[in-house]
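A closer look at the structure
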Amino acid sequence: MLLNFDKLGMWKWVLTGFSVLVAMFLLLPILFIVALSFGSSQWLIFPPPGWTFHWYQELFSDPRWLESALTSAKVAVIVTICSVVLGLLASFGLTRGRFAGRETLRALFLTPMIMPVVVLAVALYAFFLKIGLNGTLIGFVIAHLILALPFSIISIGNALDSFDRSIEDAAVLCGAHPLEAKLRVTLPGIRHGLFAAAIFSFLVSWDEVVVAIFMASPTLQTLPVKIWATLRQDLTPVIAAASTLLVVFTVVLMLIAALLRKGFKS
């Protein structure tokens with residue numbers, strides 16, 4: 001029998017209070033960063049002695065910050081497209097294929113999710129340095145694609161598992177080519193999985209910093225790498241402004257995803 005929250009008595013308030021504490025523990029650092037981005041001090045001091053938009057003006061007037069943001073967006077978009085396409089193909093093979101070593105191959109695809117990121121970053125750095133891809137846009141895309149692909153495979157694979165294949169078979173029996181049936185029947189039926197794969201892939205690339213530090217060069221940096229490099233050199237509130245914009249963009253993207261997912265269900 002499932003527990004009814006309204007019948008927990010005093011434990012209801014204990015759980016509510018504990019949930020509030022956990023939420024505050026997670027959200028307060030973000031709120032502090034937002035407050036610091038509007039502080040009038042030239043250092044990261046809390047509470048701020050005054051309030052100003054100066055640091056946002058400095059952020060948007062510096063071409064280096066804008067170039068880093070553009071690089072992050074460019075890499076994330078390319079990674080998202082490649083991750084969804086490759087994840088779709090891999091998911092079809094892993095879900096519907098019947099061959100020896102299928103589960104081993106599935107585990108291999110998911111390895112980047114459980115491997116320490118710094119270990120993967122060092123390995124990619126050493127390999128890309130040998131083949132001349134370190135510090136290039138292609139190197140960034142490949143490195144982030146390795147991290148994003150497992151999320152696409154999981155999202156699309158779960159969607160394929162829950163999709164009724166008999167609908168696709170019925171389309172073939174009605175005269176559709178197998179490829180046409182997949183494009184016009186199966187893909188619309190698993191669109192929620194494709195959408196989830198795209199969102200996760202974009203956010204993995206957009207927020208990633210460890211691998212990006214190893215892939216970056218003086219002329220090519222993503223926004224998280226630029227924040228990290230500036231943090232090591234100077235504790236200016238511009239860092240807080242850039243971090244706030246990162247958080248706001250991520251939250252807006254998640255809200256859009258939630259609204260679209262609600263539309264898919266309806």
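Everything below is about the structure printed above this text.
Numbers given for residues are sequential positions, taken from 1 along each chain in its written order. Local features in this predicted model are restricted to residues whose pLDDT is 70 or higher, and side-chain atom pairs enter the listing and the counts only when it is 80 or higher, whereas totals over whole chains, interfaces and linings include all residues. Only hydrogens and water are set aside when side-chain values are computed; all heavy atoms of the structure are taken into account.

Some remarks on the overall build of the protein
Let me state the cut-off plainly: Per the convention used, a helix needs a DSSP run of H or I reaching at least four residues, while a strand needs a run of E reaching at least two, with both numbered from the N terminus. Relative accessible area decides the class of each residue, using a 1.4 Å probe on protein chains only: under 20% of the type maximum gives buried, over 50% gives exposed, and in between gives partly exposed. In this description, contact between two residues means that some pair of their heavy atoms is separated by no more than 4.5 Å. For the accessible areas, the method is Shrake-Rupley and the probe is 1.4 Å, while residue cover comes only from the protein chains on display. Only four residue types enter the charge count: Lys and Arg as positive, Asp and Glu as negative, with His and the chain ends excluded. Where a charge sits is defined by one atom per residue type, namely NZ (Lys), CZ (Arg), CG (Asp) or CD (Glu).
Along the backbone of the protein there are 12 helices and 0 strands. Listed by position from the N terminus, the elements making up the protein come as α-α-α-α-α-α-α-α-α-α-α-α. Considering the protein as a whole, with its 266 residues, one finds that 37% of them fall into the buried category. Long-range contacts, defined as pairs at least 24 residues apart, comprise 70% of the intrachain contacts of the protein with a sequence gap of at least 6. Summed over its atoms, the accessible surface of the protein is roughly 16,000 Å², and 73% of this surface lies on carbon and sulfur atoms. Seen as two clouds, the 18 positive and the 13 negative side-chain charges of the protein have centres 5 Å apart.

As for helix 3 (residues 63-96)
Cut-off, in case you're wondering: Working rule for helices: expected span equals 1.5 Å times residues minus one. Distance and chemistry together define a polar contact, namely a pair of N or O atoms within 3.5 Å, with one atom able to donate a hydrogen and the other to accept it when in protein, and with adjacent residues in sequence counting only for side-chain atoms on both sides.
Here helix 3 contains 34 residues, and its C-alpha end-to-end distance of 49 Å stays within 8% of the 50 Å for a straight helix at 1.5 Å per residue. Of the residues that open helix 3, the one with a side-chain oxygen 3.0 Å from the backbone nitrogen of Arg64 is Asp62.

A look at the packing of helix 3 against helix 11 (residues 223-233)
Condition: Geometry is summarised by axes, namely lines fitted to C-alpha atoms with helices restricted to the contacting stretch, and by angles between N-to-C directions that run from 0 to 180 degrees. For classification, angles of less than 35 degrees are called roughly parallel, those exceeding 145 degrees roughly antiparallel, those between 65 and 115 degrees roughly perpendicular, and all remaining angles oblique. Residues are grouped as follows: nonpolar covers Ala, Val, Leu, Ile, Met, Phe, Trp, Tyr, Cys and Pro; charged covers Asp, Glu, Lys and Arg; every other residue, Gly included, is treated as polar.
Viewed as axis vectors pointing N to C, helix 3 and helix 11 meet at an angle of 140°, and their least axial separation amounts to 7 Å. Regarding the angle of helix 3 to helix 11, the classification is oblique. Every residue of helix 11 that contacts helix 3 at Arg64, Trp65, Ser68, Ala69 and Ser72 is listed here: Leu223, Pro224, Lys226, Ile227 and Thr230. Classifying every residue of the contact of helix 3 with helix 11 gives 5 nonpolar, 3 polar and 2 charged.

Re the packing of aromatic side chains
The cut-off we apply is this: Side-chain rings of Phe, Tyr and Trp, where Trp is taken by its six-membered ring, are said to pair if the distance between their centres is within 6.5 Å; with planes under 30 degrees apart they count as stacked, over 60 as edge-to-face, and otherwise as tilted.
Overall, the coordinates contain 8 aromatic pairs when judged by the stated rule. When the centroid spacing of 5.9 Å and the interplanar angle of 45° are considered together, the rings of Phe127 and Phe128 count as tilted. Accessibility expressed as a relative area gives 2% for Phe128, which makes it buried. Here the aromatic rings of Phe202 and Phe249 are separated by 6.0 Å at their centres, their planes lie at 45°, and the arrangement is tilted.

As for the packing of helix 3 against helix 8 (residues 178-189)
Closest axis-to-axis distance for the helix 3/helix 8 pair is 14 Å, and the angle between their directions is 85°. Between helix 3 and helix 8, the angle falls in the class roughly perpendicular. Of the residues in helix 8, those touching helix 3 at Leu88, Phe92 and Arg96 are Lys182, Thr186 and Leu187. Here the residues of the contact of helix 3 with helix 8 are counted per class, giving 3 nonpolar, 1 polar and 2 charged.

So, the pattern of salt bridges
A side chain of one charge can pair with a side chain of the opposite charge if their charged atoms are brought near each other. What counts here: Each salt bridge in this description consists of a side-chain nitrogen of Lys or Arg and a carboxyl oxygen of Asp or Glu lying within 4 Å of one another.
Tallied over the entire structure, the rule returns 2 salt bridges. With its nearest N and O atoms 3.1 Å apart, the salt bridge here joins Arg64 to Asp62. Under the relative-accessibility criterion, Arg64 is labelled exposed at 53%.

Comments concerning the side chain of Ser205
Relative to the helices and strands, Ser205 resides in helix 9 (residues 191-207). One polar contact links Ser205 to His144, side chain to side chain, over a distance of 2.9 Å. Other than its neighbours up to four places away in sequence, Ser205 contacts Val75, Ala76, Val79 and His144.

Focus on the environment of Thr230
With respect to the secondary-structure elements, Thr230 resides in helix 11. Residue Thr230 is classed as buried on the basis of its relative accessible area of 12%. Excluding its chain neighbours within four sequence positions, the residues that come into contact with Thr230 are Trp65, Thr236 and Ile239.

What to know about the environment of Phe60
Among the structural elements, Phe60 can be located in helix 2 (residues 54-61). Phe60 sits in the partly exposed class, given a relative accessible area of 49%. Spatially, the C-alpha atoms of Phe60 and Ala242 are 9.5 Å apart, while their sequence positions differ by 182 residues. In this view, Phe60 contacts Leu66 and Leu245; residues no more than four positions away in its chain are not counted.

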